[in-house]
Amino acid sequence: MRTKAYSLNVSLTDKQKAVQAALFVGVIVKFICLYGGSRSGKTFYAFLWIVKRAIIYPGSYGLVFRKTLSSLKIGMLNQTMPALWREFAKINGGVHPYDASVGGVPFVTFNKSENILTFFNGSKIFFYGAAATMGDEDSMTKILSSEYFSILVEEGNENDYKVIEKLFTRLTQVVYDSDGVKGMPKFVTTLNPTVFEAWDYVMFNKKLNPSSREPLNDPERYATAHFRPTDNMQHLSDDYIATLKNLSPRDRQRFLEGEYGANFDGEIFKHLNWLDVLDWSVFEKIVIYVDPSYKSGPKNDYKSVATVGICQGSFYVLDINAAQCTTYVMMELIHEAQSYAESNLEQVKGHRAIVETWIENQGIADDFTKAHDEYCAQNGCAIPYRLDNTNKGDKFMRIESLLVPLNENYKLIFSNHIKEKMISSQVEVQFLNFAKNMPKDMHDDIPDSVHGAVMKLSQKTNVIHMSDVYIAKRTWR
């Protein structure tokens, strides 16, 4: 059936309308992250957006990308695209897009072998996965050989940031609308959120470069929109929402609430106990324990500093400072922990807990003394510490035997203060992923530092006089 025009004005949810008005109208925002729960309407709207861009800007190229082409076919090509075509048909007298034409030219055709949509005005949308072409040594070569005006990345957090960064470099096509107005190339990713360390959270929420962690030069051009399944109730059944509510905490957080975090059930540590810790006067003693990680750098183990207090046989993890960093930066982490402890203890009237800082000697780096002295000299502070020469034995056995029973009996408590820090999801990840024979890309340095602190707090040993501790500490800041 032939038509002179073909309408694209499908009905949108209130959420989709609000997001369109806030983020997609105008030229300021260039990079957009639509994140949230399952079947919340974000993917449907994103695909509608890239199709409309193809119509508005003749001769433009759009790219729909996912980590694997098979996943893209299962989701986008076999579900989202047919759903959009059905909506188009409803508002165009039952005429399917493949049966419509504009000026005697087919409105749109789809090449199934190449996975390319071609529109009547010369615009194209390419569907590629990182493994798009079988047999290619570099599967990204074909994708990166073209310039694009619109890029849509499905489940963006499936990819390493280096892949996303390469796609950014191809967002360079110059095109104009029918009035001769130059269009702005734009990037959109849709995803179910994972952890706070994911490249998408770092870039769109923290406004930092995910590789260098430096502030973005133009943060106002990066924006997010949060979708929930309840925003799309007109297209969902009540049974579906009920199903999502019965998922595990991890999956419920990701697919129903659509929130970032690391709230999932672990194999050894089933959960973590979180609590507001406001009164530090209750602690009998506080230990700051450092797992120093011999190697330095962004790809090595974490240097972890755990601040733990004891009160009537329960252990409270009051603060965590951890990073994949140099020994010098580790000094900054220790200093921050000591300063945070001191600032809280300054509020205590009367008796206050003695604070000790212990550093595991077994993993200490060769440049430790030099880094310590340089940091203290440059910052005009003192960082008192003791070296722990204990032969600890098998890490898994000692952490499982000591910390797991405490955690299960609610005698290992984590302060909600930690949740205010970027390291919070890494704390949960390292504890809840803790297992025997862990993969090499997983880390357990934070549980190890907490274990060290709990061990020291469990020992009945003489400590230095409280007044001596205070004299050392009052020069920290």
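For the structure given in this document, a descriptive report is provided here.

Each value, and the rule that gives it
Residues numbered from 1 in each chain as written. Predicted model: local features only at pLDDT ≥ 70, side-chain atom pairs only at ≥ 80, totals over all residues. Heavy atoms only, no water. Phe/Tyr/Trp six-rings, centres within 6.5 Å; stacked < 30°, edge-to-face > 60°. Helix = DSSP H or I, 4+ residues; strand = E, 2+ residues; numbered from the N terminus. Buried < 20%, exposed > 50% of the residue type's maximum accessible area, 1.4 Å probe, protein only. Lys NZ or Arg CZ within 6 Å of the ring centre and 35° of its normal. Polar contact = N/O pair within 3.5 Å; in protein donor to acceptor, adjacent residues only side chain to side chain. Contact = heavy atoms within 4.5 Å. Axes fitted to C-alpha atoms, helices over the stretch in contact; angles between N-to-C directions. Parallel < 35°, antiparallel > 145°, perpendicular 65-115°, else oblique. Left-handed = near helix turned anticlockwise from the far one by under 90°. Nonpolar A, V, L, I, M, F, W, Y, C, P; charged D, E, K, R; others polar. Pairing = 2+ DSSP bridges.

### A few points about the packing of aromatic side chains
Argument step 1. In total, this model carries 32 aromatic pairs according to the counting rule given.
Argument step 2. Each ring, one from F47 and one from F127, has its centre 6.2 Å from the other, and the planes form 50°; the classification is tilted. Remark: F127 occurs in strand β7 (residues 124-129) and F47 occurs in helix α2 (residues 42-56); sequence separation between them is 80 residues.
Argument step 3. Measuring from centroid to centroid gives 6.2 Å for W280 and F283, while their planes differ by 90°, and the two rings are edge-to-face.
Argument step 4. On the accessibility criterion, W280 (3% relative accessible area) is buried.
Argument step 5. Over the face of the ring belonging to F227 we find K15, whose NZ or CZ atom lies 5.8 Å from the ring centre.

### So, unusual backbone geometry
Argument step 1. Despite not being glycine, N115 has its phi angle at roughly 60°, a positive value.
Argument step 2. Along the polypeptide, N115 turns up in the loop between β5 (108-111) and β6 (116-119).
Argument step 3. With a relative accessible area of 7%, N115 lands in the buried category.

### Some points on the side chain of N273
Argument step 1. In this fold, N273 is placed in strand β11 (residues 273-275).
Argument step 2. For N273, the side chain forms a polar contact with the main-chain oxygen of N407, separated by 3.0 Å.
Argument step 3. Look past the residues within four positions of N273 in its chain and what remains in contact with it is N407, Y410, L412, I413 and F414.

### Brief notes about the packing of helix α9 (residues 327-345) against helix α10 (residues 368-379)
For any two helices packed against each other, the geometry comes down to the angle between their axes and how far apart the axes lie.
Argument step 1. Taken N-terminus to C-terminus, the directions of α9 and α10 make an angle of 55°; their axes are 9 Å apart at the nearest point. Here α10 runs oblique to α9, going by the angle between their axes. For the crossing formed where α9 meets α10, the hand is right-handed. In this structure, α9 uses T327, Y328, M330, M331, E332 and H335 to contact α10, whose residues at the interface are F368, A371, H372, E374, Y375, Q378 and N379.
Argument step 2. Residues of the contact of α9 with α10, tallied by class, amount to 6 nonpolar, 5 polar and 2 charged.

### Things to note about the sheet that holds strand β2 (residues 61-66)
Argument step 1. Spatially, the 8 strands line up as an open sheet ordered β5-β6-β7-β2-β8-β9-β1-β10, and their pairing is mixed. Bordering the open sheet on either side are β5 and β10 (222-227), each of which pairs with just one other strand. Strand-to-strand, the axes of this sheet are offset by a mean angle of 15°, without reference to chain direction.

### A few points about the sheet that holds strand β12 (residues 285-291)
Argument step 1. Read from one edge to the other, the open sheet built from 7 strands follows the order β11-β17-β14-β13-β12-β15-β16, with strand pairing classed as mixed. Of all the strands in the sheet, just β11 and β16 (386-388) have a single pairing partner and so form its edges. Taken pair by pair, the neighbouring strands of this sheet meet at an average axis angle of 35°, ignoring direction.
Argument step 2. Here β11 runs beside strand β17 (residues 412-415); their pairing, made up of 3 bridges, is parallel. Bridge pairing in β17 places N273 opposite I413.
Argument step 3. Running over the sheet, helix α11 (residues 395-408) touches β11, β14 (314-323) and β17 and is turned about 75° from β17.

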